[in-house]
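Structure at a glance
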Amino acid sequence: MSEQAALQISALSFFVPGVPAPKQSARFRAVRRKATGKYIAMAYRAGSQKRGNPVATWEETVALFARAVWGARAPLGCPVEVRLEFFMPPPKKARDERVAVKPDCEQLAKPVLDAISGRGAHGKRPGQPGIVLTNDSRVWHLEVYKRYRAPAVMRHGEGPALATGTNSIGVRVTMNW
């Protein structure tokens, strides 16, 4: 579908079950070049490119749900508002109902935005379109909420709890354009 057809729909909302994994900011280290002997700064994220990494697995899960909801439509290139509501397992020590503990909201939002724009842990190849967004720079307004709740309890004989009920752990992604 063309972007014109996608623009006829003005909102998208979906829930991704699972424990959200935060993505660290890029870090820099000095690397000495063999040929010149000079030092250069190299950016890296510890372990972010490895399969089995919780961040890579979380990005793949978000991308899978985004593809299922968005379908074969062309990714959006227009400005988008995004609201992310993270439902996290409760921290061990809660002193107040407004708990402010790690991970921070910015680190939680990074893998979700990378996944919906097709730039997950394994990268976007040149010429490959995004899933819902052409680029996460198209987000002009971002709201991120972190809420804590006890995980859903499975009864004997039930499979994994993937329901989006009141006790589900995961993220609700809502986009408007």
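It should be noted that the structure appears before, not after, this text.
One structure accompanies this document, and this report is about it. Every value quoted in this text rests on a predicted model; they were computed, and no experiment measured them.

Another aspect to go through is the sheet that holds strand 4 (residues 80–88). Taking strand neighbours across the sheet as the criterion, the four strands line up as 1-6-4-5 in an open arrangement whose pairing is mixed. With partners counted over all chains shown, the strands left at the sheet margins are strand 1 (11–17) and strand 5 (139–148), one partner each. Strand-to-strand, the axes of this sheet are offset by a mean angle of 10°, without reference to chain direction. Bridge count between strand 1 and strand 6 (residues 170–176): seven bridges; the pairing is antiparallel. When the sheet's bridge partners are listed, F14 is paired in strand 6 with V173.

This brings us to the nonpolar core. With 31 residues, the main nonpolar core has I116 and M175 as its most contacted residues. At the level of secondary structure, the elements contributing two or more residues to this core comprise strand 1, helix 2 (54–70), strand 4, helix 3 (105–116) and strand 6. Among residues more than four places away in sequence, those in contact with I116 are F14, V62, A66, I131, V132, L133 and M175.

Another point: a nonpolar patch on the surface. Taken together, the side chains of V31, I40 and M42 present a nonpolar region at the surface, about 200 Å² in accessible area. Relative to the elements of secondary structure, M42 occurs in strand 3 (residues 39–44). Exposure remark for M42: the relative accessible area of 38% places this residue in the partly exposed category.

Quick look at the packing of aromatic side chains now. All chains considered together, the criterion is met by two aromatic pairs. Taking 5.8 Å as the distance between ring centres and 75° as the angle between the ring planes, the aromatic pair formed by W70 and W177 counts as edge-to-face. Of this pair, W70 sits in helix 2 while W177 sits in the segment after strand 6, and the two are 107 residues apart along the sequence. Seen from the ring of W70, R73 lies directly overhead, with NZ or CZ sitting 4.9 Å from the centre. The aromatic ring of F87 is capped on one face by R149, whose charged end is 3.9 Å from the ring centroid.

This part covers the pairing of strand 6. Here strand 4 pairs with strand 6 via seven bridges, running antiparallel. Across the sheet, L84 pairs through a bridge with V173, a residue of strand 6.

We now examine the pattern of salt bridges. If the charged atoms of two oppositely charged side chains come close together, the side chains can form a pair. According to the stated counting rule, one finds five salt bridges in the structure shown. Note that K23 and D114 form a salt bridge whose closest N and O atoms lie 2.6 Å from each other. Highlighted residues: K23 in the loop between strand 1 and strand 2 (27–32) and D114 in helix 3, separated in sequence by 91 residues. Look at K23 and you get buried, because its relative accessible area is 6%. Its relative accessible area of 7% is what places D114 among the buried residues. Beyond isolated ion pairs, a larger network of salt bridges with shared partners links R83, E85, E143 and R147.

Pairs of packed helices are described in terms of their axes, by the angle between the two and the distance that separates them. Between helix 2 and helix 3, whose axes approach to 8 Å, the crossing angle comes to 45°. As the angle between them shows, helix 2 and helix 3 are arranged oblique. Relative to helix 3, helix 2 is oriented so that their crossing is right-handed. Residue-level contacts link V55, W58, E59, V62, A63 and A66 of helix 2 to P111, V112, D114, A115 and I116 of helix 3. In the contact of helix 2 with helix 3, the residues fall into nine nonpolar, no polar and two charged.

It is worth spelling out the pairing of strand 4 at this point. On a regular strand, one side chain projects to one face of the sheet and the next to the other, so that they alternate. Strand 4 sits mainly inside the fold: seven of its nine residues count as buried. By the bridge criterion, nine bridges tie strand 4 to strand 5 in an arrangement that is parallel. The residue of strand 5 that forms the bridge with V82 is L142.

About the thresholds
- Residues numbered from 1 in each chain as written.
- Predicted model: local features only at pLDDT ≥ 70, side-chain atom pairs only at ≥ 80, totals over all residues.
- Heavy atoms only, no water.
- Pairing = 2+ DSSP bridges.
- Helix = DSSP H or I, 4+ residues; strand = E, 2+ residues; numbered from the N terminus.
- Axes fitted to C-alpha atoms, helices over the stretch in contact; angles between N-to-C directions.
- Core = buried A, V, L, I, M, F, W, Y, C linked by side-chain atoms within 4.5 Å.
- Buried < 20%, exposed > 50% of the residue type's maximum accessible area, 1.4 Å probe, protein only.
- Contact = heavy atoms within 4.5 Å.
- Patch = residues over 30% accessible without salt bridge, like charges linked within 9 Å, V, L, I, M, F, W, Y side chains within 5 Å.
- Areas by Shrake-Rupley, 256 points an atom, 1.4 Å probe, with all protein chains shown as cover.
- Salt bridge = Lys/Arg side-chain N within 4 Å of Asp/Glu carboxyl O.
- Phe/Tyr/Trp six-rings, centres within 6.5 Å; stacked < 30°, edge-to-face > 60°.
- Lys NZ or Arg CZ within 6 Å of the ring centre and 35° of its normal.
- Parallel < 35°, antiparallel > 145°, perpendicular 65-115°, else oblique.
- Left-handed = near helix turned anticlockwise from the far one by under 90°.
- Nonpolar A, V, L, I, M, F, W, Y, C, P; charged D, E, K, R; others polar.

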